[in-house]
Amino acid sequence: MASERDVRARLQRAGQEHLLRFCAELAPGPRAALLAELEPLEPEALREHCRSAAAACARPPGPPPGLATRLRPLPPERVGSASRSDPETRRLWEEEGFHQIALNKVAVLLLAGGQGTRLGVTYPKGMYQVGLPSQKTLYQLQAERIRRVEQLAGERHGTRCTVPWYIMTSEFTLGPTAEFFKENDFFHLDPNNVIMFEQRMLPAVTFDGRAILERKDKVAMAPDGNGGLYRALADHRILEDMERRGVEFVHVYCVDNILVRLADPVFIGFCVLRGADCGAKVVEKAYPEEPVGVVCLVDGVPQVVEYSEISPEIAQLRAPDGGLLYNAGNICNHFFTRGFLQMVTREFEPLLKPHVAVKKVPYVDEEGNPVKPLKPNGIKMEKFVFDVFQFAKNFVAFEVLREEEFSPLKNADSADRDNPSTTRRALLAQHYRWALQAGAHFLDAHGAQLTELPRVWRCTCEAGRSSPRSSWTRTGPGRCSPDSLPDLPTRGPQH
Ligand SMILES: CC(=O)N[C@H]1[C@@H](OP(=O)(O)O)O[C@H](CO)[C@@H](O)[C@@H]1O
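Residues numbered from 1 in each chain as written. Predicted model: local features only at pLDDT ≥ 70, side-chain atom pairs only at ≥ 80, totals over all residues. Heavy atoms only, no water.

(A) Representation of helix 5 (residues 87-102). The terminal C-alpha atoms of helix 5, which comprises 16 residues, lie 22 Å apart, in line with the 22 Å expected from a rise of 1.5 Å per residue. Listed as buried for helix 5 are Trp93, Glu96, Gly97, Phe98, Gln100, Ile101 and Ala102. Contacts made by the buried residues of helix 5 are with strand 2 (79-81), strand 3 (106-111), helix 6 (138-157), strand 11 (249-254), helix 10 (265-273) and strand 20 (395-399). Of the residues flanking the end of helix 5, it is Asn104, one or two places downstream, whose phi is positive at about 60°. (Helix = DSSP H or I, 4+ residues; strand = E, 2+ residues; numbered from the N terminus. Expected span 1.5 Å × (residues − 1). Buried < 20%, exposed > 50% of the residue type's maximum accessible area, 1.4 Å probe, protein only. Contact = heavy atoms within 4.5 Å.)

(B) Seen up close, the pattern of salt bridges. A full pass over the atoms with the stated rule returns 32 salt bridges. A salt bridge links Glu399 to Arg84, with the shortest nitrogen-to-oxygen separation between them at 2.6 Å. Of the two residues, Glu399 sits in strand 20 while Arg84 sits in the loop between strand 2 and helix 5, which places them 315 residues apart along the sequence. When its relative accessible area of 58% is taken as the criterion, Arg84 is described as exposed. The salt bridge partner of Arg244 is Asp241, with a shortest N-O separation of 3.3 Å. A residue pair is termed a helical-turn pair when its members lie 3 or 4 positions apart in one helix, as Arg244 and Asp241 do in helix 9 (residues 238-245) at three residues. We classify Asp241 as buried; its relative accessible area is 14%. The network of salt bridges with shared partners includes Arg261, Asp264, Lys281, Glu404, Glu405 and Arg433. (Salt bridge = Lys/Arg side-chain N within 4 Å of Asp/Glu carboxyl O.)

(C) A look at the packing of aromatic side chains. Tallied over the full model, the rule gives 20 aromatic pairs. A ring pair is formed by Tyr123 and Tyr128, whose centres lie 6.5 Å apart and whose planes are at 15°; its orientation type is stacked. Judged by centre distance (4.8 Å) and plane angle (35°), the ring pair of Phe389 and Phe395 falls under tilted. Counting every residue linked through ring pairs, the aromatic cluster contains Trp93, Phe249, Phe267, Phe270, Phe335 and Phe398. The side chain of Arg417 reaches across the aromatic face of Tyr287, ending 4.2 Å from its centre. (Phe/Tyr/Trp six-rings, centres within 6.5 Å; stacked < 30°, edge-to-face > 60°. Lys NZ or Arg CZ within 6 Å of the ring centre and 35° of its normal.)

(D) Geometry of the state of the cysteines. Tallied over the entire structure, the rule returns zero disulfides. No disulfide involves Cys161; its sulfur sits 19 Å from the nearest other cysteine sulfur, which is in Cys271. Judged by relative accessible area, Cys161 falls into the buried class, the value being 11%. (Disulfide = S-S within 2.5 Å.)

(E) Here's a closer look at the site of the ligand. Neighbouring the ligand are 13 residues, the closest being Asn226, Glu306, Tyr307, Asn330 and Lys410. Between Tyr307 and the ligand, the recorded distance is 2.5 Å, taken from a side-chain N or O atom to an oxygen atom. Note that an oxygen atom of the ligand is positioned 2.6 Å from one of the backbone N or O atoms of Asn330. Residue composition of the shell around the ligand, by class: seven nonpolar, three polar and three charged. (Near = heavy atom within 4 Å. Polar contact = N/O pair within 3.5 Å; in protein donor to acceptor, adjacent residues only side chain to side chain. Nonpolar A, V, L, I, M, F, W, Y, C, P; charged D, E, K, R; others polar.)

(F) Representation of the pairing of strand 3 in the model. For strand 3, the buried fraction is high: six of the six residues fall into the buried class. Residues Val106, Val108 and Leu110 of strand 3 are buried on one face, and the alternating residues Ala107, Leu109 and Leu111, pointing to the opposite face, are buried as well. With six bridges joining them, strand 3 and strand 11 adopt parallel strand pairing. Along strand 11, the bridge assignment pairs Leu109 with Val252. Taken together, the four bridges between strand 3 and strand 4 (residues 165-169) define a ladder with parallel strand orientation. Bridging across to strand 4, Leu111 finds its partner in Met168. In this view, the connection linking strand 3 to its parallel neighbour strand 4 by way of helix 6 has right-handed handedness. (Pairing = 2+ DSSP bridges. Right-handed = clockwise from strand over helix to strand, strands pointing away.)

Bear in mind that shape data such as this cannot, by itself, settle questions of function.
The structure is reproduced here in structure tokens:
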């Protein structure tokens, strides 16, 4: 371990010596912890990080000038659609996807390093349960979907399939996530196929470029954004692990979408058959201000313009058909070939520009008293996972139906949208539709069979178009009582 003198000399080179100003008064334990936290910070990188954070913050907020003239919607030839394609095409994509899964060439990679600030929990979001009758957490739902896709691919191809689950965590989420998986026996997955690794942390910085001390013995650190993935892949030699296992295609997704289809064979098959090195699932944006990035062209190159960086004027622009001009909402479900990830980690990662988030960062004042700021006082710098789209040789987008694939848990129930209640209902509604499609009957509170599907829980037909009846008229042996689906309508038809 480095001595205080060494660490001090390195901090001097970075212009950040103030981080040791309480060091002399610390007990040996906290002092060692502080030195250990500071030791890995490279002086030049730290200096540059603090300088660029302050410089980025000094620029006027909002989108870069002239962005509007540089944007175009994605051209139709780059976009596939789950809902608008004919059933035969969809079947071919799905078949290809299952084939690749059966060859053990597909992995899923979860981005789970975030702090869940908007949701207001202190533990990893994946451990959250939204109040389902089964009390399953997001992690459990995802684990079960992995097992199911392995099983389906295995049945089709008569093989034993493995879809390895890579989980990127952070200093905040690694410990509790690892513990939670152990306590739950890895949800019956083979622990060898669940690979957790940690992304890096970066210091939060004041507006004048000084790293912030959160306590006398602790620097205010934050994960380096979901685009920290690429450095973390290199740090932990994850691509080498994938190569050893024969993984060629990776489905990357973020933790909070309760409807996420892990290793979705249709998406995988579409991307593989199109020869894509990089792909993104999108849904039609629900309203102009919806907090989702838009997938579009910037200067002719596919990119995502994040919701925090698009102006309301651009977000509201309309296409000739009356829909939003920029309506391809990013749902943080990405497809990458391993080869593409290799190129990114080797060549392109340093070119990714960090994005600035101005936040309230707790700190200690000059006397060492803890302060909880009421106004934003610090800058966190984050890279974004989708910023690599610009380097793709063949980028494709894949449009899917929101009701089938996107219901994110972002907020507490005090918010109107994207909260535990909306996500719970979205999942129950999906399971309800699936039960119907499998031939189940639903009964009302008096045991009478419900004969019509209430409009709000419309199912989707095989081609994926919204259709109130396509599966409802089927009959079969299953009988479910709506009592087991507490958020679903239990009264009669509403057509
Ligand atoms: C950097 C990044 O990946 N941002 C994503 C991600 O944003 P959040 O800030 O995590 O809500 O998820 C959104 C979908 O839930 C997506 O629209 C957006 O573009």
